[in-house]
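# Topology and contacts: notes
Listed below are the residues making up each chain.
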Amino acid sequence: GDASVPSYAARLNPPQREAVLATEGPVLMLAGAGTGKTAALTARLAHLVATGRAWPSQILCVTFTNRAAREMRERVAGHLGDMAEGMQWLGTFHSICAKMLRRHAELVGLQQNYTIIDTDDQLRLLKQLITENDLDEKRWPARQLAGLIDRWKNRGLNPEDLDAAENESYANGRGQQFYRLYQERLKALNACDFGDLMLHMLNIFRRHREVLEDYQRRFKYILVDEYQDTNAVQYLWLRLLAQAHKNICVVGDDDQSIYSWRGAEVANILKFEKDFPGAKVVKLEQNYRSTPHILGAASGLIRANSERHEKTLWTEVNHGEKVRVIGVWDGPEEARRVGEEIERLEREGARLDQVAILVRAQYQTREFEDRFIQIGLGYRIVGGFRFYERAEIRDALAYLRVIAQPQDDLAFERIYNQPKRGLGAKTLEKMHLHARRTGMPLAAASLQLADSDELPARAAATIGALLRQFLHWREQAEQVTPADLLRMVLDETGYSEMLQKERTAEAAGRLENLSELARAMEEYETLGDFLEHVSLVMDNDAADDGEKVTIMTMHAAKGLEFDHVFLPGWEEGVFPSQRALDEGGLASLEEERRLAYVAITRARRRCTILHAANRRIYGQWTSSIPSRFIEELPAEHIDQHTTLTGGASLWRANWTESEDPFAHVSRDRPERSSHRGPGWQRALSTGYETKQVRVRENTRSAASFAAKPRSDIVIG
Ligand code: ATP
Ligand code: MG
């Protein structure tokens with residue numbers, strides 16, 4: 001390019017450049033997928049630093065995932081080198097708030113080394129509260145309460161902010177009481193949950209003017225990616241921060257708003273101009289990511305939604321394949337087919353890290369994992385749930401958490417008898433009782449209890465020994481690396497030995513996981529840093545190690561791009577999800593459609609959609625109906641393939657009765673007339689008898705089909 005243009009600006013088109021150069025005042029970039037919104041935001045960040053408008057530490061930049069933050073940081077560093085150092089405030093809402101909260105914890109009654117608890121702990125805690133307060137947990141599940149509390153927090157509501165209607169929704173008006181009790185209990189544990197990170201900071205900003213003003217002064221510029229998915233508490237937080245100087249630039253796409261279930265409000269982006277009068281609005285229309293067929297398919301699909309801003313998308317690319325829609329027999333065949341396609345792509349020179357399988361729900365990954373392990377295809381599950389949710393990892397983390405934070409009762413409770421030390425529920429009960437009586441954390445109370453004569457001698461000795469070990473590890477934590485500390489713990493507790501003795505493949509796998517955990521910790525200097533990393537990062541990201549196929553949810557794929565994208569499970573009840581169908585509202589269906597739009601637009605070169613005629617759901621086979629979204633794809637942009645004539649392809653217009661060799665089989669099948677009815681899936685899962693018959697019919701279709709020359713039906 002032009003030598004006088006800085007490298008970060010070299011590639012920008014005129015509207016992108018406009019968004020970069022309009023440094024002062026509010027800017028809104030509302031544009032479709034792949035139009036270079038994130039690219040422009042990154043260039044803007046580089047520009048602000050390069051032109052000396054702000055130090056990196058004076059820019060608040062919010063990305064949707066930690067991974068996106070990392071990429072942005074690397075890009076800017078690539079352009080600016082050392083100048084880019086010190087971007088401390090580049091990250092997700094949660095990671096930024098966690099960092100802020102460490103500095104101001106005392107303002108909300110926490111200590112600086114507070115723990116961030118996960119959903120599992122959250123549920124355990126709520127269960128305790130529910131039982132302690134004589135509520136029937138079966139009638140009023142902890143999960144329901146957890147969901148409510150999360151929603152309140154997402155809306156920026158403290159217990160005292162709830163009105164009567166809100167409060168009614170749990171245990172006949174006791175929701176508020178439980179919310180308050182939960183917050184008190186968290187405080188006593190020196191802990192907070194995920195939702196608190198935002199809410200505590202919002203409260204601090206609202207109640208401590210001087211803290212807010214300090215940050216307002218510090219952040220000369222604010223940049224926000226994926227603004228369409230901000231929820232109320234994030235929105236309020238941003239608005240407070242931006243109020244002083246109003247140099248806020250937000251980018252997003254209303255068609256990609258897919259987190260309303262987490263409280264995201266697409267209205268936030270649509271009212272930006274009202275919130276910040278005089279905002280400069282920049283539109284981007286050229287798509288640099290995908291081929292015309294991929295764009296055509298995605299744009300055609302999203303047009304079925306009612307509430308949206310129509311956007312033009314065009315591309316200079318004038319080649320590329322149509323989006324393929326492949327019907328297969330069942331889940332295993334789907335996985336087999338995708339595996340074969342990926343191997344073919346690999347032979348043709350594709351890089352595996354440019355291949356992604358995007359699923360609607362986590363459970364869908366297993367089928368692919370099984371298959372890929374079988375054929376030796378490298379893959380990684382992005383979403384991280386799997387690794388960090390394994391029992392042995394959670395145990396190890398629990399030990400580390402107690403070392404880092406002696407008040408962490410939940411962690412202590414997890415491991416006080418793991419590996420088995422012969423301490424039973426009775427002992428735990430006594431420990432809890434003593435903790436409550438004395439107001440001490442569980443661990444400390446247990447130590448005191450061990451010195452009294454209230455426990456049987458053996459239990460007392462065991463507990464005493466365990467707690468002395470913790471004191472020892474806490475000392476060691478100052479001297480050895482976190483990874484070495486972990487090894488020490490696994491060794492000295494006998495945890496590793498326990499697994500070694502098992503001599504099973506499973507136990508060996510668990511040991512491998514633990515070494516992998518130690519490997520992951522190697523990158524951290526302090527235990528606190530590592531634990532914070534675990535609680536924050538693992539919801540979305542995985543370390544990038546080598547060329548592997550990525551398997552992730554569509555939700556997690558937002559903002560990313562891959563040359564080749566596979567979208568399995570496009571069936572009613574899977575995608576759109578059963579939940580969306582059951583809720584039945586237009587809004588939930590439209591959100592599913594936006595998700596489909598996001599999924600398709602992740603593809604740069606090739607997009608393959610799959611649907612199976614049969615699925616095993618909860619151990620039972622059911623016939624499935626192709627997703628309505630398939631029918632909504634404009635015909636000129638798709639290519640239909642099928643490996644069978646049963647279930648899947650029967651409803652497509654291109655099949656006539658006479659051509660259909662199994663018309664007699666399908667004639668009495670209810671899908672034909674009512675395949676859009678959400679009731680069908682449910683009807684299937686209740687009528688066991690019917691299902692049996694149906695599966696046999698399908699089997700017959702498949703058998704007869706095998707005799708037919710495949711080339712008739714399999715296109716390409
Ligand atoms: P999404 O809505 O999915 O988040 P986006 O609008 O943020 O998409 P980007 O991810 O920024 O889009 O850009 C999409 C692709 O286009 C990237 O590969 C990016 O490098 C490329 N790109 C962006 N702007 C330009 C440009 N002016 N010239 C060439 N390529 C560009
Ligand atoms: Mg983007």
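In case you missed it, the structure is sitting above this.
Residues numbered from 1 in each chain as written. Chains lettered and ligands numbered in written order. Predicted model: local features only at pLDDT ≥ 70, side-chain atom pairs only at ≥ 80, totals over all residues.

### Notes on the overall build of the chain
- Helices and strands together make up the secondary structure of the chain, namely 33 helices and 16 strands.
- Expressed as a percentage of the 716 residues in the chain, the buried residues total 46%.
- Nonlocal contacts in the chain, meaning residues at least 24 apart in sequence, comprise 78% of its contacts between residues at least 6 apart. (Helix = DSSP H or I, 4+ residues; strand = E, 2+ residues; numbered from the N terminus. Buried ≥ 20, exposed ≤ 12 C-beta atoms within 10 Å, placed from the backbone. Contact = placed C-beta atoms within 7 Å.)

### Considering the site of ligand 1
- Surveying the vicinity of ligand 1 reveals 18 residues, the closest of which are Gly36, Lys37, Thr38, Ala39 and Tyr288.
- Sort the elements by how many residues they give to the shell around ligand 1 and helix H2 (residues 37-50) lands first, with three residues.
- A per-class count over the shell around ligand 1 returns four nonpolar, nine polar and five charged. (Near = placed C-beta within 6 Å. Nonpolar A, V, L, I, M, F, W, Y, C, P; charged D, E, K, R; others polar.)

### Regarding unusual backbone geometry
- Here the amide bond leading from glutamine 418 into proline 419 is cis, since omega sits at 0°, within 30 degrees of zero.
- With respect to the secondary-structure elements, proline 419 resides in the loop between helix H19 (409-415) and helix H20 (425-438).
- Of note, alanine 171 is a non-glycine position whose phi angle comes to about 45°, a positive value.
- Of note in this structure, glutamate 226 is not a glycine but carries a positive phi near 50°.
- Considering the arrangement of structural elements, one finds glutamate 226 in the loop between strand E6 (221-224) and helix H11 (232-242).

### Observations regarding the environment of methionine 87
- Within the fold, methionine 87 resides in the loop between helix H3 (66-80) and strand E3 (90-91).
- Taking the number of C-beta atoms within 10 Å as the measure of exposure, methionine 87 has 21 and is therefore buried.
- Here the alpha-carbon distance between methionine 87 and serine 57, two residues 30 residues apart in the chain, equals 5.1 Å.
- In this structure, methionine 87 is in contact with Pro56 and Arg73, ignoring residues within four places of it in sequence.

### Observations concerning the nonpolar core
- If you look at the biggest cluster of nonpolar residues, it comprises 181 residues, and the most contacted ones within it are Met29, Leu45, Leu358 and Ile600.
- The element that contributes the greatest number of residues to this core is helix H18 (residues 391-404), accounting for nine residues.
- Each residue touching methionine 29, except ones within four places of it in the same chain, is listed here: Ala19, Lys37, Ala40, Val251, Val282 and Leu284. (Core = buried A, V, L, I, M, F, W, Y, C linked by C-beta atoms within 7 Å.)

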